[in-house]
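# Architecture at a glance
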Amino acid sequence: MLIMGDIPQKRKPHRKEKCMSKTPILKIENLTHVYSKGTPFELSALNGINLEIGRGEVIGIIGHTGSGKSTLIQHLNALIKPTDGKIYLDGKDINESKQSVKEARSRVGLVFQYPEYQLFEETVYKDIAFGPKNMRLTPDEIDVRVRASAQFVGIGEELLERSPFDLSGGQKRRIAIAGVIAMLPEVLVLDEPMAGLDPAGRREIMENLMGYHQETGNAMLIVTHSMEEAARYAQRMIVLEHGRVAMDGTPEQVFSREKELKEMGLAVPEMTELAEKLREYGVPLEGTIYTVEQMRDALLSLKGGLQDA
Amino acid sequence: MMDIAIKTDNLTYFYNVDETGDQDIPDVLDNVSIEIEKGTFVAILGHNGSGKSTLAKHMNALLLPKGGTVTAFGMDTKDESLLLEIRRRVGMVFQNPDNQIVSNVVEEDVAFAPENLGVPSQEIRRRVDDALKTVGMYEFRSHAPHLLSGGQKQRVAIAGVLAMDPDCIVFDEPTAMLDPSGRRDVMEIIHKLRYERGTTVVLITHHMEEAALADRVIVMSDGHVVMDGKPKEVFVRVEELDELGLTVPETTRLLFELKNAGVDLPLDALSIDECAKVLADKFG
Ligand SMILES: Nc1ncnc2c1ncn2[C@@H]1O[C@H](COP(=O)(O)OP(=O)(O)OP(=O)(O)O)[C@@H](O)[C@H]1O
Ligand SMILES: Nc1ncnc2c1ncn2[C@@H]1O[C@H](COP(=O)(O)OP(=O)(O)OP(=O)(O)O)[C@@H](O)[C@H]1O
Ligand SMILES: [Mg+2]
Ligand SMILES: [Mg+2]
């Protein structure tokens, strides 16, 4: 398990300082995005989104295919520009000037939905080093970051000199995540980062991301189609539908609206569904259940209760 | 012999990474021998880099064995004169749908394979419309595929292979970018292909719940087949699967944990319904 403290940082962020600050790290104001404007394919992908992202929040973004998730998050580091509305990073409009765009790119790290869009160097090493190099770190600092980031995503040293294009799908995904982690971004935005990862990889990388979050106090936004992961890791969930925020709340609040979620093509975690079925069978389960551990404990406490009686 | 769709016989493969010809590169597939029966639905699991996609690409001669042989419906994939016929009978959905886009318009993209196979144009029209409706992308038929969302691209790629209507379809992680209802749709499509059309289906996936629906599960690790059996036989081997970097469906995981806590339960209640029944018996 990697400790981010091993990685040399330019300016070590002070966690306390950050948590006390009241201004949101990101503010999205009335964001609208229209693709192919003025053509027969004009498509309004985002319709007046308003959101505030607090420092230190871990947010899961869910929504059906085409609901606007990728469009939304690509605005957060000025990769695409609003048709209307504004994005503020630390209170500053990110699209105000070339300088502010550049700043957003270095402070907000974005992992793309398809890692292929992000890989372009001849070797895995150079690919992961690309961000840190742009930040003008010394070669020694870069080297430490590349190796630590590779370890973070479970990529062995033997792959560092390979071409990133000659890798398996899951290996490419890992390199793409490593490349962004190597920049130690203040806001980490990941678009379906777990797609294509094997189960052990999913668990390890997710735990490492949570470790990064805990150590730095940095905000993290994760687009996911896994209700289980959203329930397990996010403190707050944002549900998009047709380019609008349909729900915004704790996993508990969101998953209590099962019927609406299903109508949107989404679902509740598998264990929540199982709990529902068991209640129908008359098993008196209490509380909200998302995870296997919660279900196990709820059932065992029930059994204990039965035995005592 | 007649009822085998895909057969690999001591299939060995390595990529030429090293241009100096250094023979140090390990084999990506090492003497893999499997037979996939016609009309069955087989899931392939394995850690990242275990060789699943490499194996899949051998099934329709996108890659040719460096050792051993692969036959598709009795045809040796090394026989160039059979290439077209092999591609006609074995269709594939790639892991990354971008690698599959060949046209600027969704419906042309979906029509591409059947056109190449010489299907009559009226028949193509029908197949393309059907396929796009099946994956819920009909309303996007005149859009540009490269400008779609991740999940939409994945759906179009699936439509492409459906329009081809091959005897065997190899799906390489087709649901990786899909929302829960999209994942369910794909599993329904696979069910229909297998039970209504008799199509042989090979599904590579990292989702254990999907593999649980297959007739058979093959588990790969470092270029070897390490497990092979019915889902209920494979998924009860919880600890071994964990060691291979894999996992089991959440239902099995729960039953396993309860068992470890001293509750006597069968591990092979894979579906939510089965699992609920078993638990209701114990705790109800
Ligand atoms: N570059 C583009 N040009 C035109 N339309 C686009 C473009 N990118 C996305 N769209 C459209 O905008 C809508 C929102 O797409 P977006 O990629 O944001 O969805 P998403 O929520 O990320 O979906 P998924 O879960 O499938 O990745 C979709 O209908 C899509 O077809
Ligand atoms: N084009 C290539 N050139 C060189 N090596 C490759 C190439 N494609 C894959 N490999 C290597 O071959 C091995 C097997 O890759 P493969 O793509 O078959 O794995 P996989 O099981 O499909 O993994 P994943 O779950 O990540 O998709 C990996 O170690 C990978 O690095
Ligand atoms: Mg997307
Ligand atoms: Mg693969």
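The shown structure was predicted, so the numbers you read here are calculated from the model rather than taken from an experiment.

Scanning chain A from N- to C-terminus turns up twelve helices and ten strands. For a compact globule of 309 residues, the expected C-alpha radius of gyration is about 19 Å, and chain A comes in at 21 Å, within 12% of that figure. Overall, the C-alpha framework of chain A stretches about 70 × 50 × 40 Å when taken along its three principal axes. Counting only residues that meet the buried cut, chain A has 57% of its 309 residues in that class. Considering only intrachain contacts with a sequence separation of at least 6, the fraction spanning at least 24 residues in chain A is 64%. Per element, the accessible surface of chain A, about 13500 Å² overall, is 50% carbon and sulfur. Here chain A holds 39 positive side-chain charges and 45 negative ones, and the gap between their average locations is 5 Å.

Lining the immediate environment of ligand 2, one finds 21 residues, of which S168, G170 and Q171 of chain A together with K52 and T54 of chain B sit closest. Ligand 2 sits at a junction of chains, with neighbouring residues supplied by chains A and B. R162 of chain A places a polar side-chain atom, nitrogen or oxygen, 2.9 Å from an oxygen atom of ligand 2. Separating an oxygen atom of ligand 2 from a backbone N or O atom of S50 of chain B is a distance of 3.2 Å. If ligand 2 stood free it would expose 640 Å²; the protein chains cover 88% of that surface. Residue assignment for the shell around ligand 2 shows that the elements contributing at least two residues are α6 (169-181) of chain A together with α1 (52-59) of chain B. Partitioning the shell around ligand 2 into residue classes produces four nonpolar, 13 polar and four charged.

Bringing the coordination of the magnesium ion (ligand 3) into the picture now. Around the magnesium ion (ligand 3), the protein contributes the donor atoms S70 of chain A (OG) and Q113 of chain A (OE1), which lie 2.0 to 2.2 Å from the metal centre. Of this pair, S70 of chain A sits in helix α2 (residues 69-74) while Q113 of chain A is found in the loop between β6 (108-111) and α4 (124-134), placing the two residues 43 residues apart along the sequence.

The immediate surroundings of ligand 1 are formed by 21 residues, with K69 and T71 of chain A together with S149, G151 and Q152 of chain B found nearest. The site occupied by ligand 1 is bordered by residues of chains A and B. Within the side chain of Q113 of chain A, a nitrogen or oxygen atom sits 2.8 Å from an oxygen atom of ligand 1. A total of 630 Å² of accessible area belongs to ligand 1 in isolation, and the protein chains cover 89% of it. Sorting the residues of the shell around ligand 1 by element identifies β2 (43-53) and α2 of chain A together with α5 (150-164) of chain B as the ones contributing at least two each.

This part covers the pattern of salt bridges. Residue and element names in this part refer to chain B. Tallied over the entire structure, the rule returns 38 salt bridges over all chains. Here R89 and D167 are joined by a salt bridge, their closest N and O atoms 2.7 Å apart. In this pair, R89 sits in helix α2 (residues 83-89) while D167 sits in the loop between α5 and β7 (168-172), placing the two residues 78 residues apart along the sequence. Accessibility expressed as a relative area gives 32% for D167, which makes it partly exposed.

All names here are of chain B. By secondary structure assignment, the location of R141 is in the loop between α4 (121-134) and α5. We classify R141 as partly exposed; its relative accessible area is 28%. Each C-alpha atom of the pair R141 and T71 lies 36 Å from the other, and the pair is 70 residues apart in sequence. If near-sequence neighbours (up to four positions away) are discounted, R141 is found in contact with V105, V106, E107 and L132. A polar contact is formed between the side chain of R141 and the backbone oxygen of Y138, at a distance of 2.9 Å.

Conventions and cut-offs
Residues numbered from 1 in each chain as written. Chains lettered and ligands numbered in written order. Predicted model: local features only at pLDDT ≥ 70, side-chain atom pairs only at ≥ 80, totals over all residues. Heavy atoms only, no water. Helix = DSSP H or I, 4+ residues; strand = E, 2+ residues; numbered from the N terminus. Rg over C-alpha atoms; globule rule 2.2 N^0.38 Å. Buried < 20%, exposed > 50% of the residue type's maximum accessible area, 1.4 Å probe, protein only. Contact = heavy atoms within 4.5 Å. Areas by Shrake-Rupley, 256 points an atom, 1.4 Å probe, with all protein chains shown as cover. Lys, Arg positive; Asp, Glu negative; His and termini not counted. Charge placed at Lys NZ, Arg CZ, Asp CG, Glu CD. Near = heavy atom within 4 Å. Polar contact = N/O pair within 3.5 Å; in protein donor to acceptor, adjacent residues only side chain to side chain. Nonpolar A, V, L, I, M, F, W, Y, C, P; charged D, E, K, R; others polar. Donors = N, O, S within 2.8 Å, 3.2 Å for Na, K, Ca; no water. Salt bridge = Lys/Arg side-chain N within 4 Å of Asp/Glu carboxyl O.

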